[in-house]
Amino acid sequence: MERLRHGREVGRLRNLGVVVNLEGPMGPVWRANSTPGGPGGGCRVMGLGSALPSTRVTNADLEGFLDTSDEWIVSRTGIRERRVAGPEENLLSLAARSARACLAAASVSPQEVDTIICSSSSPDETFPSLACRLQAELGCPLGPAFDIQAACSGAIYGLAMAQSLIQSGMSRRVLVVAAEIFSRLVDWSDRSTAVLFGDGAGAFLVGGPADPGSEILALELGADGRGAAALGTQAVSPDPQSLPGMPDYTSSQRSLGRVVTMNGREVFRFSTRILEQVVARLAQSAGMTTSEITLVVPHQANSRILATAAGRLNYPIERFVSNVERTGNTSSASIPLALAEGAAGGLCHDGDMVCLVAFGAGLTWGGLLLRWGSMGVAVDDPRGPA
Ligand code: ACO
């Protein structure tokens, strides 16, 4: 079959000529220091879990139906393979696997979770929320359960909401789950986006200052809606799944009938700038220098973004935790996935300063600084350790 370049009739629309001015002054940024030991402060991440589907799609597999090459994808993005959900999997099943892994690792039962916050940019339903369905699936008590939409920054937004709910006394144990099936949101005939993404889920359990785990020292959330056009979705007709000769994973039902659109260069400029700034501001908020940060776990968009930001921070690239080579960009699931793999592989030690930094559509960003403390971490990967 003919190998595809830009998608079909929607290709022109997808080639967004939008120029977004992201160089203006930073708008108001909400930033908060928890007050360790103070009233309601010093919330702890008690556990972490992640889950991946078993189906692996390599760049060579994509070469079979897209006008692309392993060399182009690796040199521009660092991605060599990604996981895609099988027909029997959905957002709920992936989210539930990561949540169960997290709770088992933290030795906390579902009955002790009073609040569930889920993040997904690739929802399979407008409502009911993924969080409500997950609450029923896990058998958690009937506390609040809701989804948030902050694109790739969703896990950090969720952690910030968890900390606020615990600090206000409304919640005691909050499960924050980010789950994505981008294989049902990309147009597999559009080589400029199809090669970038993958599927997966990650979950954090957040508790109060008296709980064991990693302490939240500082956090920051922000958004710049002037950049909204740089990254989004649009309806497609006819559905790209109708293309003949494509592998099975390309023919799953679209997430809400839409596909990803992106201005790659604008996203690149924004991501590298915000990553550097958030690390510096988090360090400052916690009263330390950037050299005292042990590890950065950035949103796994692509390795060139990470290398550029690491260079600007004068960090050796080893200080950036990355698994993008094997998972692709899993949007809001990418930080818990990368952190879980890194921690399970022995990268994090008690007392380490671990900085999580997300950026994504909106444009949104979020950062969180953890003082690593002993906590359970579990990776549910049917293919075994990397
Ligand atoms: N294989 C082969 N050629 C390709 C592919 C592909 N998969 N995709 C695009 N090309 C071609 C283009 O058609 C173009 O060809 P032309 O010159 O004949 O027109 C050429 O490669 C250059 O295309 P550009 O879009 O200019 O490529 P660029 O060097 O900007 O790299 C990339 C694209 C990798 C997307 C880059 O812009 C980038 O890293 N952006 C960051 C975006 C990102 O990572 N997004 C992830 C989602 S957003 C998020 O998570 C926050």
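Residues numbered from 1 in each chain as written. Predicted model: local features only at pLDDT ≥ 70, side-chain atom pairs only at ≥ 80, totals over all residues.

A. Main features of the overall build of the protein. Counting secondary structure elements, the protein contains 11 helices and 15 strands. Expressed as a percentage of its 386 residues, the buried residues of the protein come to 54%. (Helix = DSSP H or I, 4+ residues; strand = E, 2+ residues; numbered from the N terminus. Buried ≥ 20, exposed ≤ 12 C-beta atoms within 10 Å, placed from the backbone.)

B. Broad picture of the environment of L165. On the secondary structure map, L165 appears in helix α6 (residues 154-167). Distance from L165 to T115, taken between C-alpha atoms, is 9.0 Å for residues 50 residues apart in sequence. Beyond its immediate stretch of four places on either side in the chain, L165 contacts T115, M170, S171 and V174. (Contact = placed C-beta atoms within 7 Å.)

C. Seen up close, unusual backbone geometry. In this model, F127 is joined to P128 through a cis peptide bond whose omega is 0 degrees. Within the fold, P128 resides in the loop between β5 (115-119) and α5 (130-138). Cis geometry is adopted by the peptide bond preceding L363, which originates at G362 and carries an omega value of -5 degrees. Here L363 is to be found in the loop between β13 (353-360) and β14 (364-371). Non-glycine residue S107 carries a positive phi angle of around 55 degrees. In this fold, S107 is placed in the loop between α4 (91-106) and β5. Using a count of 11 C-beta atoms within 10 Å as the deciding quantity, one classes S107 as exposed.

D. A look at the nonpolar core. If you look at the biggest cluster of nonpolar residues, it comprises 121 residues, and the most contacted ones within it are A95, C102, V176, V177 and V206. Here this core gets 10 residues from one element, more than from any other, and that element is α4. Here V176 is in contact with I117, A155, G158, L159, A162, A203, F204 and V206, once residues within four sequence places are set aside. (Core = buried A, V, L, I, M, F, W, Y, C linked by C-beta atoms within 7 Å.)

E. Layout of the site of the ligand. Taken together, 23 residues lie near the ligand, and T68, R191, G264, F268 and A301 sit nearest. With five residues, the top contributor of residues to the shell around the ligand is helix α8 (residues 264-285). Among the residues making up the shell around the ligand, the classes are represented as 11 nonpolar, eight polar and four charged. (Near = placed C-beta within 6 Å. Nonpolar A, V, L, I, M, F, W, Y, C, P; charged D, E, K, R; others polar.)

F. Spatial organisation of α4. Helix length check: α4, at 16 residues, gives a terminal C-alpha distance of 23 Å against a target of 22 Å (1.5 Å per residue), a fit within 8%. Counted residue by residue, α4 has 12 buried out of 16 residues, so it is predominantly covered. In this fold, the buried residues of α4 make contact with β2 (44-51), β5, α5, β7 (174-181), β8 (199-207) and β15 (376-380). Two residues or fewer past α4, S107 is found with a positive phi of approximately 55 degrees. (Expected span 1.5 Å × (residues − 1).)

G. Spatial organisation of the packing of α8 against helix α9 (residues 303-312). Direction vectors running N to C along α8 and α9 enclose 40 degrees, while the axes themselves pass 9 Å from each other. Here α8 is positioned oblique relative to α9, judged by the angle of their axes. Where α8 crosses over α9, the handedness of that crossing is right-handed. Contact residues: F268, S271, T272, L275 and E276 in α8; I305, T308, A309 and R312 in α9. Here the residues of the contact of α8 with α9 sort into four nonpolar, three polar and two charged. (Axes fitted to C-alpha atoms, helices over the stretch in contact; angles between N-to-C directions. Parallel < 35°, antiparallel > 145°, perpendicular 65-115°, else oblique. Left-handed = near helix turned anticlockwise from the far one by under 90°.)

H. Up close: the environment of R80. On the secondary structure map, R80 appears in the loop between α3 (70-77) and β4 (81-84). Remark: the alpha-carbon pair of R80 and G328, spanning 248 residues in sequence, is separated by 7.7 Å. Here R80 is in contact with T58, N59, V74, E325 and R326, once residues within four sequence places are set aside.

I. The confidence of the model for the protein, seen in detail. Here the protein shows a mean pLDDT of 89. Residues at 70 or above account for 88%. pLDDT under 50 marks residues 6-25. Its contacts with residues more than four places away, or in other chains, come to 33 contacts. Overall, residues 27-40 carries pLDDT values under 50, and its contacts beyond four positions in sequence, including any with other chains, amount to 26 contacts. (pLDDT = per-residue confidence, 0-100.)

J. Layout of the packing of α4 against α5. Remark: α4 packs on α5, axes separated minimally by 10 Å, with the N-to-C direction vectors making an angle of 60 degrees. Taken as axis vectors, α4 and α5 run oblique relative to one another. The element α4 and its partner α5 pack so that their crossing is right-handed. Here L91, L92, A95, A96 and A99 of α4 come into contact with α5, specifically with L130, R133, L134, E137 and L138. Residues that form the contact of α4 with α5 fall into these classes: eight nonpolar, no polar and two charged.

K. How the structure looks around the pairing of β15. In terms of burial, β15 is a largely internal element, four of the five residues being buried. As judged from the five bridges shared by β2 and β15, these two strands associate in the parallel manner. For L48, the partnering residue across the bridge sits in β15 and is V377. (Pairing = 2+ DSSP bridges.)

L. Spotlight on the environment of G222. When you line up the elements, G222 lands in strand β9 (residues 214-223). Accessibility expressed as a C-beta count within 10 Å gives 22 for G222, which makes it buried. As for G222 and I274, which are separated by 52 residues in sequence, their C-alpha atoms are 10.0 Å apart.

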